[in-house]
Amino acid sequence: MTARPAAIVLAVAGALLLAALLFPIYWMVVASLMPESRLFESRSLLPTAVTFEHYRALFDERDFLVPIRNSLIVSGLTTIVAVPVAALCAYSLARLRMRGKSLLLAFVLAVSMFPQISIVPPLYLILRELRLLNTYPGLVLPYLTFSMPLAIWLLTGFFRQLPRDLEEAAMLDGATRMRTLRDVVLPLAAPGVASTAILTFLYCWNEFLFALSFTLGPDRYTVPVAIMLFRGRYQVPWGEVLAATVLATIPVALLVLACQRRIVAGLTVGATKG
Amino acid sequence: MAAITLTGLSKTYPNGHVAVRPLDLRIEDGEFLVMVGPSGCGKSTLLRLIAGLETPTGGRIVVGDVDVTAHPPQRRDLAMVFQSYALYPHMSVRENLAYGLKVRRTDAATIARQIGSVAEALDIEELLDRRPAQLSGGQRQRVALGRAIVRKANAFLLDEPLSNLDPSLRAQARAELRRLHRLLGTTVVYVTHDQEEAMTLSGRIAVMRDGALEQVAPPLEIYATPANTFVARFIGAPPMNLLPAAVAGIDAPAGAVAGIRPHDVRVGTEGARRATVDLVEPRGPDCVLHLHLDGSNTPLLAVVSSAAPPAIGAVVFVTLPPDRLHVFDQRDGSRLGAHT
Amino acid sequence: MNHRAAPVERAETRLAWLLVAPALAVILLVSLVPIVVTAWEALHLHDLRLPWLGRPFIGAGNFVEAASDPRFGAALFHTVAFALISVPLELMLGLALAVMMHSVVQGRAFIRVSALLPWAIPTVVAALLWRFMFESQTGILASSFQTFGLVGPAFDWFVDPIAAWVPIIAADVWKTTPFVAILLLAGLQTIDPALGDAARIDGASPATGFLTITLPLLTPALVVAGAFRMLDALRLFDLAYVMTGGGPGTATEPLSLYAFIALMQRLRFGYGSALSVIVFLLTFAFALVWVRALGRSLSGARS
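Treat the numbers as computed from the prediction; the structure is a model and nothing was measured.

**Student:** Looking at this structure, how should I read the sheet that holds strand β13 (residues 266-268) of chain B?
**Tutor:** To summarise the sheet geometry, strands pair through backbone hydrogen bonds and adopt either a parallel or an antiparallel arrangement. Residue and element names in this part refer to chain B. Taking strand neighbours across the sheet as the criterion, the five strands line up as β13-β17-β14-β15-β16 in an open arrangement whose pairing is antiparallel. Edge positions in the open sheet fall to β13 and β16 (299-305), since each of these has one partner strand only. Across the sheet, the mean angle from the axis of one strand to that of its neighbour is 45 degrees, orientation sign disregarded. As judged from the seven bridges shared by strand β15 (residues 286-293) and β16, these two strands associate in the antiparallel manner. If you follow C287 over to β16, its bridge partner there is V304.

And the structure:
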C-alpha cells in the first residue's frame, strides 16, 4: 500500500521528534570538543575545530576518576544489596498467601512518594551519629530509600508475569517454595532481575540530592555532584563541564545501548498488567 | 498406587463464590475416573483440591490411608499433568523428567534407570537432550506424561491434557493413554469438558454441575440411565430430546418430562406422528434431522442414515418407541425411571 | 476455614512474612523513621542558628507561618504551574512519539536507544546541558531564538523571571517524554490490531480511528503515565537547583528547593520540615485524586 497522507505526516513528525531528542546530546559532545575560545562563537552545527583540552583538564586538574569510581561503587553496592532483598519480598508479594498484602504494597508505594528533601535532615543526623557521613555505606543506606521500593515494585511485576503452573508443577514434584524459587522462578525471571538491576543502577548513578547532602569532600563526591560543583566563582568553565557531562553520560549510554530491551521491559512491567 | 477418598469436600472462595459444594467421592485404587462438566462446574477446582494447590473450606481428602488434607502438595505424592504441560523451559527433557526424583534425593543410578524405561515406553528417547521449546505439541504432551509416570506416584491427576493438541492427534493420544493405564494400573483422575473424551476414556464418569456431582457411574450406565435432565443432555451427541410427557404420549405424573435420544427416534414414511423437516445436517455416515412435530411445534432431533435423507420442508412420520423413553420430574429434572 | 487445612495456609503465611521481613526492616529503618522524625520536627521550633531557643513544641505554628509566607506561596504556585504545564506537554509529545514508534517496522532498536538516552542521562547533566544551550546570548538555542527574531538582541533567559522557566520546562519535557512514550507504547501494543482493521473497514479515516478507538483504549496507560509524571513534577528539585539555583531571585524556586534552602542553608529545621511535609501532602493528595479518577476511567474503559 502506498503511503497515505497520515503516514507521511507521522513520519515527518516522528523524525522531528527524534531529532529534537538527539540534538542536545550531539551538541553536548560536539561542544565538549571545541576549544574554549570557540565555545560561544561558533555558529555552525558541525565541529570546526576539535580539541581534547577539556578532557585532559578533567583528569589532570580535577582528578575526575575519583567521582567516577565513587559513583560506580555506590551504585553497584546499592544494587547488590537492594535487588536480592527485594526479590525475596517480591516473590512473597507475587505468589504467597498473606493477609494485608495490598496494604503492604500501598505502604511501600507511599513511602517512596515522600519527597527526598524531607528525609535529608533526619538521615543527616542519623548518619552523623553513626559516623557514616562521607562514606560509601553513608550513601548506600539513603539510596535504599528509593531503590528498595523501586526494585520491589519491578520484581513483583516480573514474578507475576511468570506462568503459575510451572511453580505448581515443581511443588507437586516435591520442591518446597524456596527450592521452587531457586530452581524454577529465578532462572525464568532472570531477564526481569537483570532489568531491575539495570534500572536500580541507573537511578543510583543519576541521583543528586542525597549525594550532595551526605558527602563532604571531593574524595567521596559522586559524578553528578562533582560536575555540579565545577562552578567557578565568576564563570562556569563550560568546556570542562561539558566534557564532564559527556563522561558522565558514557556509562549510561553504554548501558542503554547494551540493555535497551531489558530497560524497556522494566519500565513497562507494571504498565501492561494495568 | 492408592485409592482417593473425598469426604464432605467443599471450597468457597473469600468473595463468596461456591466452587465446590460438599461432596463425597471414592476413587478406587487403579481406577480411571473422568470428571466432566461445563466450564465453571468446579471440576478443575476439585482436581486442584486433591492436588493440594487449593485448600478446602471443609471436608477431608484421604490418599491411600493417609489423611492429606493438611499436607501441602509436596507431601501428597501425587503427579499432575497440566493443560499447558508446564514443562520447565530452562531444563532439558531429561532434567524435566529427573526433577521430581532429584528433589527426593534419589540416587543418580536409579534416576537414570527410571528415565530410561519411561523414555522407551513413551518413545521419547531421542528427545532427552532437547529443550521443551524445541518439541512439538504431541512430543511435549508425552514428556509431561513421562514426568508424571517416572515418579511412581500414588495417583495421576490430569487437567485437560489433550485439549491443546490438534484434533487429529487427539484420538491417537486417547488410545495411548488407555494403553498406558492398562500397562501401569495407576489410579487416574482426569478432567475434561469434552463429553466424548469422557465416554471413551473412562472406567467411571463423574458429571459435575455448579460444584456438585450429578452422577457417578460407568459410561454406558450414564448413557442408558442418566440421573437427571442435565446429565441426559450433557452426555451423548446430539443431545437428548426433552418434551412434555403428554406430547410424547405416555402416561406419567402431571407435568413430567419425557426424554428420547435422537438415535432412538424412528423416522419413516409411516409412524405415530407427523413432523416437518426444518434442517438437515449431514455428518458423513448419518444425518441429523431438525424436525418439529405437527400440531405442537415441539422441536425434535433425529438421526437417520445418510442413504436418501428427507429434504427440508418434507413431511415425515416419527415414532417414539416407549421403551426408549426416559421420564424425568419436571421440577428438579431427576429421573423418574424408564417408561415400560 | 477448614481447620484441617489450616496448617498449610499458616505455614505459607509464615514463609511469606519471613521473606518480606528483610525488605520491610530496611524500609522501616531507612525511610519510615526519618519520615516520622521529619513530621515530628515539623511540629517544633528548631533553628540550628538559635540553639538557645531549644526545641519547643509549637503544634501547627510552622504551617501557619507557611500560610502567610509569600515566598512559600510563590514556591507553591511555581510547583503547581510547572506540573500543570509540563505534564500535559509530556503526555502529548510522548503520545506522538509512541504512535511513531509503534508504526515503525525498521530501526526499532535505534529509535528505542534514541528515546532512552535523554531519560537515562543524569538530571544534573540535562540541567547543565540545557543551561549551556540557553546561556546568555550565545548558547546555540539562545542565539537561534535571536536569529529568528523571537527575542530581543540583549535578551538573557536566566535573568527574566518568566523566561527562566522555559529552559527548565524544556529540559524536563526533553528528559521525560521518552519515559512517557515507552509507557504509552506498551499500552499501544496491547490494543488488538483487529480493532483498527474493523474501523477501517467500517470506513473510518486514520485520524477518526485514532480518536475514537485507539485513544479511549489507551486511557489507562495515559492515566498511569500522567500519574507518575505528576508525582515527579510536584517534587521538582534537581533541575531548578542546578540550572538556576531558584533564580533570578526566587522566580524559579519550587517547593522542594525552598524546603532545601530552609533546611540546609538557613538551618531552620522545624520550618523546613514543615515545608517538606507540605510537599508530601501535596503529592499524596494528588495521588488520591488521581487514583479515584483512575478507578472511574478504568471502569468506563472496560464497558
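Next, the rest of the story.
**Student:** Just checking my understanding: could you explain the nonpolar core for this structure?
**Tutor:** Nonpolar side chains in soluble globular proteins tend to be buried together. A:A86, B:V189 and C:L275 are the most contacted members of the largest nonpolar core, which totals 267 residues. Broken down by element, this core gets its largest block of residues, 15 residues, from helix α11 (residues 238-273) of chain A.

**Student:** I tried to follow the interface of chain A and chain C on my own but got confused; where do I start?
**Tutor:** Across the contact, 69 residues belong to chain A and 80 residues belong to chain C. At 17 residues, the largest contribution of residues to the side of chain A that touches chain C is made by α11(A). For the side of chain A that touches chain C, the per-class residue count stands at 55 nonpolar, twelve polar and two charged.

**Student:** Quick question: what am I supposed to make of the domain arrangement of chain B here?
**Tutor:** Much of the literature gives interface size as the accessible area that the parts lose upon coming together. Residues and elements named next belong to chain B. The domain boundaries assigned to chain B delineate domain 1 (4-232) and domain 2 (239-338). Tallying the contact residues gives seven residues for domain 1 and nine residues for domain 2. Among the residues forming the side of domain 1 that touches domain 2, the class breakdown is four nonpolar, three polar and no charged.

**Student:** Could you clarify how one ought to interpret the environment of B:E197 in this entry?
**Tutor:** Residues and elements named next belong to chain B. Looking at where E197 falls in the secondary structure, it is placed in helix α6 (residues 195-201). Owing to 21 C-beta atoms within 10 Å, E197 belongs among the buried residues under this scheme. Counting along the chain gives 50 residues from E197 to V247, while the straight-line C-alpha distance between them is 34 Å. Beyond its immediate stretch of four places on either side in the chain, E197 contacts L162, R174 and T192.

**Student:** How do you make sense of the environment of A:G217 when you look at a structure like this?
**Tutor:** Residue and element names in this part refer to chain A. One can find G217 in the loop between α9 (209-214) and α10 (223-228). For G217, a count of 7 C-beta atoms within 10 Å translates into the label exposed. For G217 and N134, which are 83 residues apart along the polypeptide, the C-alpha to C-alpha distance reads 7.2 Å.

**Student:** Even after reading the chapter, I still don't get unusual backbone geometry, so can you show me in this structure?
**Tutor:** The phi torsion of most residues other than glycine is negative, and most of the peptide bonds are trans. Along the chain, B:A237 connects to B:P238 via a cis peptide bond; the corresponding omega equals -5 degrees. Structurally, the position occupied by B:P238 is in the loop between α8 (229-234) and β11 (241-244). Phi at A:R131 takes a positive value of approximately 60 degrees, unusual for a residue other than glycine. Structurally, A:R131 can be placed in the loop between α5 (116-129) and α6 (137-161). Not every positive phi belongs to a glycine, and B:R105 is a case in point at roughly 60 degrees. With respect to the helices, strands and loops of the structure, B:R105 is situated in the loop between α2 (93-103) and α3 (108-122).

Conventions and cut-offs
Residues numbered from 1 in each chain as written. Chains lettered and ligands numbered in written order. Predicted model: local features only at pLDDT ≥ 70, side-chain atom pairs only at ≥ 80, totals over all residues. Pairing = 2+ DSSP bridges. Helix = DSSP H or I, 4+ residues; strand = E, 2+ residues; numbered from the N terminus. Axes fitted to C-alpha atoms, helices over the stretch in contact; angles between N-to-C directions. Core = buried A, V, L, I, M, F, W, Y, C linked by C-beta atoms within 7 Å. Buried ≥ 20, exposed ≤ 12 C-beta atoms within 10 Å, placed from the backbone. Contact = placed C-beta atoms within 7 Å. Nonpolar A, V, L, I, M, F, W, Y, C, P; charged D, E, K, R; others polar. Domains from an automatic or database assignment.

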